[in-house]
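Examination of the molecular architecture
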Amino acid sequence: MSALAVLIALGPLTGLAVALAGARARLAGLAQVTGALVAFGCALALLVELDGHPPLAGWDGFLYVDPLGGFFAMTVAGVTLLAALGSVGYVCAEEDSGGFSGFQVRLYYAFFGLFASLMLAALETGNLGLLFVLVEASTLASAALVGIEGRSRSLEAAWKYVIISSLGVTIALAGTLFLFYSGSALHLGSNLGLTWPYLFAHAHALAPQPLRLAFLLAVVGYGTKVGLAPMHTWLPDAHAEAPSPASAMLSAALLNAGMYAIIRFLAIAHARLGGTYPRAVLLSFGFASIAIGALFMVRRGPAGGPGGRPPGIQSKRLFAYSSVEHMGIIAVALGFGGTLGLYGALLQMLNHALAKSVLFLSSGDVSLRYKTREASQVSGLLAAVPVTGGALLLASFAVLGSPPFGLFLSELTIVRAGFASASPVFPLLLLFLLGLAFVAFARTTAGMVTGRPPDQLASPYRGKAVAVSSVAPLVLGLAALLVLGLWIPVGLDTVLRHSIAVIG
């Protein structure tokens, strides 16, 4: 199993290797897709191997994969595969049009592969110190993708992302140190004091006061990476200015990796402190994030739309605020706790990752065709580009929790967990905020897909294979969302239940 874990982390580096060798967009893209496919296949194989077996552990605790880590690795590897497929068409179109130079193409694939590899490695370590190092390194790798277009706004967004995220991860480091301090009575040798499985097993001996502070700092620090309010301010700019496949990685993979770190701290805190304190922290940040995400989706931008339509905001910025909202939903689900809450949270992470991958990749196709990222300047997508328009519309309904897509099932599970665990005030508030987000999000995307299309809209892709690569991840992502809305495979259900057992 160790070989599978290594291949999961190293698979995406094929894109980096080929890019450094000087390959052009098509060859580098093919190499990246191949590496992502290897990583995803190995992640599935590792989950099968873990079923009914002890967690994979080695290298003095630096390597550790249990069902929870395996689930997150599968999710991130799946998103990497979809984004790699979408990158082929997007980067080739940018290179052919002169939007990307050869150097920018090589830079894109080098940092895309490095970013994915670092995130996957972070999900396969049992050492909380190494987890911090890998998360911080992923910040630097992904910042290069945010600013790769070299425009003033993208460079500003990249610097803002680096500064805020690095500050957040530094706070998370302080939380890690306080967690280490809370276990000082254990008289640990070697690196056991920072090894998650050992701390979880000996949680009863941890000092409660530093553990409370450690959990709060971890939620604030890693919550900055997740985009929890009020630490979310980097997220809309970074998602809006990055190339669309990179935005998909930021929203659907990076945020999940940050939430994974919070869950690890939650498990330890819950085992020692009980549910009251962690619940209060998570519900506070969760509801704040849902409210801020929904309210910013309601807010209108300065630009006017065609045909007398009201002003709107950039589509990718809208999707970014939706990510803030959904990370808040996941935090609330973790706060509700119990089997239903944890099951709903994990299922929400998977469904959200798929839906946001489709949304950001389809928005990339739209920006290439319409030469704009402003939602108010796009209309008639269903008539002009039926596949992309249909994917954008269906993914919008999916991310809003409409049946028959998977997010309806996961959000229904979370609401049920709220009614089962506490006062009905919290689940009713959640339903109200979800309704507000539905109206705000739907009215913008509906304007994009309906209306009169432009008179002339040329395809940005040269070659059938490149055009197919832009459509394939949209179809695959929507198909997975539909399946998860109608039926949860037995294997996935088993993984989710085993992950819940790991969290405790």
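Residues numbered from 1 in each chain as written. Predicted model: local features only at pLDDT ≥ 70, side-chain atom pairs only at ≥ 80, totals over all residues. Heavy atoms only, no water.

Here we take up the overall build of the protein chain. A tally of regular secondary structure across the protein chain gives 20 helices and two strands. Scaling as 2.2 N^0.38, a compact globule of 504 residues should have a C-alpha radius of gyration of about 23 Å, and the protein chain matches this with 21 Å. Its C-alpha atoms give the protein chain principal-axis dimensions of roughly 70 × 55 × 45 Å. In the protein chain, of all internal contacts separated by at least 6 residues, the share reaching a separation of at least 24 is 81%. A total accessible area of about 17300 Å² is found for the protein chain, and carbon and sulfur atoms account for 70% of it. (Helix = DSSP H or I, 4+ residues; strand = E, 2+ residues; numbered from the N terminus. Rg over C-alpha atoms; globule rule 2.2 N^0.38 Å. Contact = heavy atoms within 4.5 Å. Areas by Shrake-Rupley, 256 points an atom, 1.4 Å probe, with all protein chains shown as cover.)

This paragraph deals with empty space enclosed by the protein. What the rule picks out here adds up to three cavities of 30 Å³ or more. In this structure, the largest cavity spans a volume of roughly 70 Å³. As for the largest cavity, its lining consists of Gly-86, Tyr-90, Pro-245, Leu-361, Gly-364, Asp-365, Leu-368, Tyr-461 and Ser-470. For the lining of the largest cavity, the secondary structure elements donating two or more residues are helix H4 (67-97) and helix H14 (338-370). A per-element tally of the lining of the largest cavity places H14 first, with four residues. (1 Å grid on protein atoms, 1.4 Å probe; cavity = no way out; pocket = protein on both sides within 12 Å on 5 of 7 lines; lining within 4 Å. Points joined across faces, edges and corners; volume = space filled by probe spheres on them.)

Within the secondary structure layout, Ile-330 lies in helix H13 (residues 315-336). Sequence spacing of Ile-330 and Ala-45 is 285 residues, and the spatial spacing of their C-alpha atoms is 27 Å. With sequence-adjacent residues up to four places away left out, Ile-330 is seen in contact with Met-259, Ala-345, Gln-348 and Met-349.

On to helix H9 (residues 208-226), then. Residue pairs three or four apart in sequence face the same way in an α-helix, which turns once every 3.6 residues. A rise of 1.5 Å per residue sets the reference length of H9, with its 19 residues, at 27 Å; its end C-alpha atoms lie 26 Å apart and thus fit the reference within 8%. Counting buried residues along H9, 14 of its 19 residues qualify, which places the element largely inside the surrounding structure. Phi for Gly-227, located one or two positions after H9, is positive at around 95 degrees. (Expected span 1.5 Å × (residues − 1). Buried < 20%, exposed > 50% of the residue type's maximum accessible area, 1.4 Å probe, protein only.)

Below, the discussion takes up the side chain of Ser-165. You can see Ser-165 is positioned in helix H7 (residues 152-182). Residue classification places Ser-165 among the buried positions, given a relative accessible area of 0%. Beyond its immediate chain neighbours, meaning those up to four positions away, Ser-165 contacts Glu-136, Thr-139, Thr-224, Lys-225 and Trp-234.

The omega torsion across Ala-229 and Pro-230 is 5 degrees, close enough to zero to call that bond cis. Residues other than glycine seldom take positive phi values, yet Trp-59 does so here, at roughly 55 degrees. Position of Trp-59 among the secondary structure elements: in the loop between strand S1 (56-58) and strand S2 (63-65). Exposure remark for Trp-59: the relative accessible area of 55% places this residue in the exposed category.

What follows concerns helix H6 (residues 128-146). For H6, with 19 residues, the first-to-last C-alpha span of 27 Å sits near the 27 Å given by 1.5 Å per residue. Most of H6 is tucked away, with 14 of its 19 residues classed as buried. With a side-chain oxygen positioned 2.8 Å from the backbone nitrogen of Gly-129, the residue opening H6 is Asn-127. (Polar contact = N/O pair within 3.5 Å; in protein donor to acceptor, adjacent residues only side chain to side chain.)

What follows deals with the environment of Leu-481. Tracing the sequence through the fold places Leu-481 in helix H19 (residues 464-486). Take Leu-481: its relative accessible area is 0%, and that puts it in the buried class. Taking the C-alpha atoms as reference points, Leu-481 and Ile-500, 19 residues apart in sequence, are found 22 Å from one another. For Leu-481, the contacting residues outside a window of four places in its chain are Asn-351, Leu-354, Ala-355, Ala-398, Pro-404, Phe-405 and Gly-406.

Right, let's get into the pattern of salt bridges. Using the criterion set out here, one finds 11 salt bridges in the structure. Notably, a salt bridge pairs Glu-149 with Arg-373, separated by 2.8 Å at the nearest N-O pair. One end of the pair, Glu-149, is in the loop between H6 and H7; the other, Arg-373, is in the loop between H14 and helix H15 (381-384), and 224 residues separate them in sequence. Close ionic contact of Asp-365 with Arg-369 constitutes a salt bridge, the shortest N to O distance being 2.8 Å. Linking Asp-365 with Arg-369, this pair stays in helix H14, spanning four residues, or about one helical turn. Beyond isolated ion pairs, a larger network of salt bridges with shared partners links Glu-149, Arg-151, Arg-153, Glu-241 and Arg-373. (Salt bridge = Lys/Arg side-chain N within 4 Å of Asp/Glu carboxyl O.)

Right, let's get into a nonpolar patch on the surface. Taken together, the side chains of Val-6, Leu-10, Trp-59 and Phe-62 present a nonpolar region at the surface, about 390 Å² in accessible area. Locating Leu-10 in the fold gives a position in helix H1 (residues 2-10). By relative accessible area, Leu-10 is classed as partly exposed at 47%. (Patch = residues over 30% accessible without salt bridge, like charges linked within 9 Å, V, L, I, M, F, W, Y side chains within 5 Å.)

Moving on: the packing of H14 against helix H16 (residues 386-399). The contact between H14 and H16 brings their axes to 9 Å, and the two run at 150 degrees. Classified by the angle between their axes, H14 and H16 sit roughly antiparallel to one another. For the pair H14 and H16, the crossing hand works out as left-handed. Counting all contacts with H14, which are made through Ala-355, Lys-356, Val-358, Leu-359, Ser-362, Asp-365 and Val-366, the residues of H16 involved are Thr-388, Ala-391, Leu-392, Ala-395, Ser-396 and Val-399. Here the residues of the contact of H14 with H16 sort into eight nonpolar, three polar and two charged. (Axes fitted to C-alpha atoms, helices over the stretch in contact; angles between N-to-C directions. Parallel < 35°, antiparallel > 145°, perpendicular 65-115°, else oblique. Left-handed = near helix turned anticlockwise from the far one by under 90°. Nonpolar A, V, L, I, M, F, W, Y, C, P; charged D, E, K, R; others polar.)

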